[in-house]
Amino acid sequence: MTRTSSDEDFFASMGLRPIINAASHASRLGGTRLARPVVDAMVAASQTFVPIAEMQARASELITDFMGAEAGWVASGADACLTLAAAACMTGDSLAAMDQLPDTTGLKNEIVVHRAHRMGFDHALRLTGARFVEFGYLTPSSGAGAYRWQMEAAITEKTAACFYVGMTLDSTLDFKTFVDISHSRGVPVIVDAAPTQVPPENFRRWIDLGADLVACAGGKYVGGPAATGFLAGRRDLVRAAALQQQDAFVHPEVYTEPFGAAEGLAEPPHQGIGRVLKVGREELAGLMAALKLCGSRDYPAEQGDRIALSQRLARAINQRNFEAVTVKADDPVNAITIVFGTVQQAAKTVRELQEGSPRVFVLNARIGQREIMVLPHCVLPGEVEPLESRLLQSIAVAVAEA
Ligand SMILES: *Cc1c(COP(=O)(O)O)cnc(C)c1O
């Protein structure tokens, strides 16, 4: 979809200056660009009321189709879904256990993870009171970073779940082996699938290979609102997750469980650990529209556009023959990486880009390696020319000064 001048007017009226987002769907920049049907759904939802439980039930069907799972649930991000997943694996459907979190006294409270899969986002699982039990080597030795016996030894009667981050690393066990070991001990597997990219087959892979709960980002490749994520997986576990997110000011006589009729709960659950991870109907509607749209998007064409943009930028930079600046254009997410002669040049370029007009934000995580990355996912056709000229101008300034 395209931006209109009234969109710009809104930010101007608030004293804010929009940016060109050449860093893709980063949470700190507000997620991804929303397609028109997604925005329309959010606007429609904002003027209409449907009980959240009924929207969640319909969203569950869409998630089920998308993921090949038994059930689904929407929360405020992939990270939120990881919190719900960890909580579900610790409590099952015990209302007393749900009420007790994050105090895990008497509960299974250990989550087994390969050491190389530890990362900042896993705070979401620890939020429940769970603690990680790590196995494996950080660096592959003799070609492997983990052995079956290491994972087997880490699983005890205190293990609530095994956790896998959906990124291929040299040092971790392959996913199938990881699932086999976990399941052979009767322990569910939670996957952080936030990095998973469309097409949808990639998402279905996790459940196909045996994951019990998969946490996905709504605001990344799926194209939904930034404050959405969805959990997919085994019905009993998704239900246990959903029960911790109820806002159940409701008399037992009129309470309906998520996923239909009562399945044996004595009372409605109260505000559980997931209550802070809620989504509103606008987010739910936006995510539902985005999931539906995923069925009809032209993924090869989207990728072709991204590659064309990246190649255009790479060519323009190369033609300038900046001293000591080279461009790599072989990234799997169709980004280009600009390699500088010094860290100072990379940092100066990022500052120039962010401060000039129009402001441009690129990925700056690898400045220490003298690199910046330009990602095409959120760049509009009308932004290509200003992006190119700002890149050339900022690199020129940085290279001349440093
Ligand atoms: C983006 C990301 C998350 C968080 O996703 P949100 O939807 O923003 O909560 C978690 N884990 C990994 C590996 C990610 O890349």
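Parameters and conventions
Residues numbered from 1 in each chain as written. Predicted model: local features only at pLDDT ≥ 70, side-chain atom pairs only at ≥ 80, totals over all residues. Heavy atoms only, no water. Domains from an automatic or database assignment. Contact = heavy atoms within 4.5 Å. Buried area = accessible area lost by both parts, 1.4 Å probe. Nonpolar A, V, L, I, M, F, W, Y, C, P; charged D, E, K, R; others polar. Helix = DSSP H or I, 4+ residues; strand = E, 2+ residues; numbered from the N terminus. Polar contact = N/O pair within 3.5 Å; in protein donor to acceptor, adjacent residues only side chain to side chain. Near = heavy atom within 4 Å. Areas by Shrake-Rupley, 256 points an atom, 1.4 Å probe, with all protein chains shown as cover. Pairing = 2+ DSSP bridges. Axes fitted to C-alpha atoms, helices over the stretch in contact; angles between N-to-C directions.

Trainee: What am I meant to see in the domain arrangement of the protein chain here?
Mentor: Looking at the protein chain, the domain boundaries give domain 1 (5–30 + 298–401) and domain 2 (36–293). Spacing between the C-alpha centres of domain 1 and domain 2 amounts to 33 Å. The interface of domain 1 with domain 2 comprises 5 residues on the first partner and 8 residues on the second. Overall, the association of domain 1 and domain 2 removes approximately 580 Å² of surface from exposure, summing both partners, and the carbon and sulfur fraction of that is 66%. When the buried area of domain 1 at its contact with domain 2 is split by residue, His 25, Tyr 299 and Val 333 rank highest and sum to 78% of it. Residues belonging to the side of domain 1 that touches domain 2 are distributed by class as follows: 2 nonpolar, 3 polar and no charged.

Trainee: Even after reading the chapter, I still don't get the side chain of Glu 257, so can you show me in this structure?
Mentor: Mapped onto the elements of the fold, Glu 257 is located in the loop between helix 10 (235–243) and helix 11 (281–294). A distance of 2.7 Å separates a polar atom in the side chain of Glu 257 from a polar atom in the side chain of Arg 239.

Trainee: Looking at this structure, how should I read the site of the ligand?
Mentor: The local shell around the ligand consists of Ser 27, Gly 77, Ala 78, Asp 79, Met 119, Phe 121, Asp 192, Ala 194, Pro 195, Ala 217 and Lys 220. Between the ligand and the protein, one listed contact pairs a nitrogen atom with a side-chain N or O atom of Asp 192 at 2.6 Å. The separation between an oxygen atom of the ligand and a polar side-chain atom of Lys 220 is 2.8 Å. Compared with its free state, where it exposes 380 Å², the ligand has 86% of that area covered by protein. Of the residues belonging to the shell around the ligand, the class tally is 6 nonpolar, 2 polar and 3 charged.

Trainee: Hey, could you run me through the sheet that holds strand 12 (residues 371–374) in this one?
Mentor: Adjacent strands of a sheet pair through backbone hydrogen bonds, lying either parallel or antiparallel. Reading across the sheet, the 3 strands line up as 9-10-12 and stay open at both edges, with antiparallel pairing between neighbours. At either end of the open sheet lies a strand with only one pairing partner, and these are strand 9 (326–328) and strand 12. Across the sheet, the axes of successive neighbouring strands diverge by a mean angle of 25°, strand direction being ignored. Inspection of the sheet shows strand 9 paired to strand 10 (residues 336–339) by 3 bridges, in the antiparallel sense. When the bridges of strand 10 are listed, Lys 328 appears paired with Thr 337. On the sheet, helix 12 (residues 299–320) packs against strand 9, strand 10 and strand 12 and is oriented at approximately 20° with respect to strand 10.

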